[in-house]
Structures are given as structure tokens and as C-alpha cells.
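Chain and residue survey
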Amino acid sequence: MNRLLGSRCGKPSVRHRRGVSLIEILVAVFIFLVAVIGIIPVISSTLTGSREANQRAIAAALAQEKLEELRNSEYDSIASGQDVNDQGDPVGLDEYGNEGGIYYRSWEVEDGAPMVGAKTVTVTVTWTEHRVNTYEMSTIIARPYPELNP
């Protein structure tokens, strides 16, 4: 009976062996590559979005830091300006507010807005990463009442 099926000693013939052919492996590799190539743009855009969100968070922290500094300053000394070095040139800040980074910070002070005895302060942080990015934060600082500050 074994001879009729084309095998000896109970082993299947080459025609009936089970296994994976070269064509099946190539099809599987092709499907895998198509899937990977489809995922690459998603990963790339996710990384880009994450980097941009991190940069925006750093810009927000730098803006908030300057607003707090101005809020704690003497009211009459609050004026427009920008971060500059000892020579008066604009200076880039890093994520910790130290010189040498990509973030440039400036602030505009509008006196008497929205009312007399108040200043509207807008801090703008700009940086360039493939394009110019801008983050702005504003607040109103009121003149302190003398009777509240003995």
C-alpha cells in the first residue's frame, strides 16, 4: 500500500510533504513590508507632533516665567523689552531660560489698558524649527493700592 502512495517506510513522498514554499515566504515578506511602509508615516508624524508639543510647552513656560517676573516688579518699572546679552543684542534662550537656545522672548506693555491704573503685558516667544513658530501669553497688571501695601 505504501508503494502505491509513493512513499517508503511510512514517510510521505516529496509531493506530499508539508512545509512552506519559497513563494509563500515571499508573499508573507511582501505583506509585512507593505504594513511597515504604511506605518512609517504615522510614526514620523507622531514624532513631529510630539517634538512640536514639547517646544510649545517650553515656550509657554518661558512666557509664564517672564510674566511672573514682570508681575513681581515695581509697577512703574514695567516696560516693553526683550532678552538681550551684555552688548544689547537679542539672545536666544534654552528651555531653562539660559542663553544659547532657539527661543527668543520679547514683551510689549500697553499702559492704561484696559483701564487707567493697569497695564496689559503680552509676552511673545518665537523659535525656528523648519518654520517660524510663535507663542503669546498676556495678562493685566494693576497698579497696587497704597493702602494695601504698608
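Higher on the page you've got the structure.
Residues numbered from 1 in each chain as written. Predicted model: local features only at pLDDT ≥ 70, side-chain atom pairs only at ≥ 80, totals over all residues. Heavy atoms only, no water.

A few words now on the overall build of the chain. Across its full length, the chain holds 2 helices and 4 strands. For the chain, the proportion of its 150 residues judged to be buried stands at 24%. If you take every contact in the chain between residues at least 6 apart in sequence, the share linking residues at least 24 apart comes to 46%. In the form shown here, the chain has an accessible surface area of approximately 11300 Å², with 58% of it arising from carbon and sulfur atoms. (Helix = DSSP H or I, 4+ residues; strand = E, 2+ residues; numbered from the N terminus. Buried < 20%, exposed > 50% of the residue type's maximum accessible area, 1.4 Å probe, protein only. Contact = heavy atoms within 4.5 Å. Areas by Shrake-Rupley, 256 points an atom, 1.4 Å probe, with all protein chains shown as cover.)

Another point: the environment of R143. On the secondary structure map, R143 appears in the segment after β4 (132-142). Residue class for R143 comes out partly exposed when judged on its relative accessible area of 42%. Apart from the residues within four sequence positions on either side, R143 is in contact with Y75, D76 and G117. Of the polar contacts made by the side chain of R143, one reaches the side chain of D76; its length is 3.2 Å. (Polar contact = N/O pair within 3.5 Å; in protein donor to acceptor, adjacent residues only side chain to side chain.)

Let us look at the sheet that holds strand β3 (residues 118-128). A sheet is described by the order of its strands in space; here 4 strands give the open sequence β1-β2-β3-β4, paired in antiparallel fashion. Each of the sheet's edge strands pairs with one partner strand only, and the pair in question is β1 (81-82) and β4. Of the strand pairs in this sheet, strand β2 (residues 104-111) and β3 are connected by 8 bridges, and their pairing is antiparallel. Across the sheet, residue V109 finds its bridge partner in β3, namely V121. Packing against the sheet, helix α2 (residues 22-71) makes contact with β2, β3 and β4, and its axis sits at approximately 25 degrees to β4. (Pairing = 2+ DSSP bridges. Axes fitted to C-alpha atoms, helices over the stretch in contact; angles between N-to-C directions.)

With that settled, consider the pairing of β2. Here β1 pairs with β2 via 2 bridges, running antiparallel. Residue pairing in the sheet places Q82 in a bridge with S106 of β2. In this structure, the hairpin formed by β2 and β3 is closed by a connection of 6 residues, where G112 is found at a positive phi of approximately 75 degrees.

Below, the discussion takes up the nonpolar core. Core analysis: the largest hydrophobic core is formed by 17 residues, its most contacted members being L70, I78, Y103, V121, V123, V125 and I141. Elements that contribute at least two residues to this core include exactly α2, β2, β3 and β4. For this core, the leading source of residues is α2, giving 6 residues. Excluding its chain neighbours within four sequence positions, the residues that come into contact with I78 are L70, S73, V109, K119, V121 and I141. (Core = buried A, V, L, I, M, F, W, Y, C linked by side-chain atoms within 4.5 Å.)

Right, let's get into unusual backbone geometry. Put simply, A113 and P114 share a cis peptide bond, and its omega is 5 degrees. By secondary structure assignment, the location of P114 is in the loop between β2 and β3.

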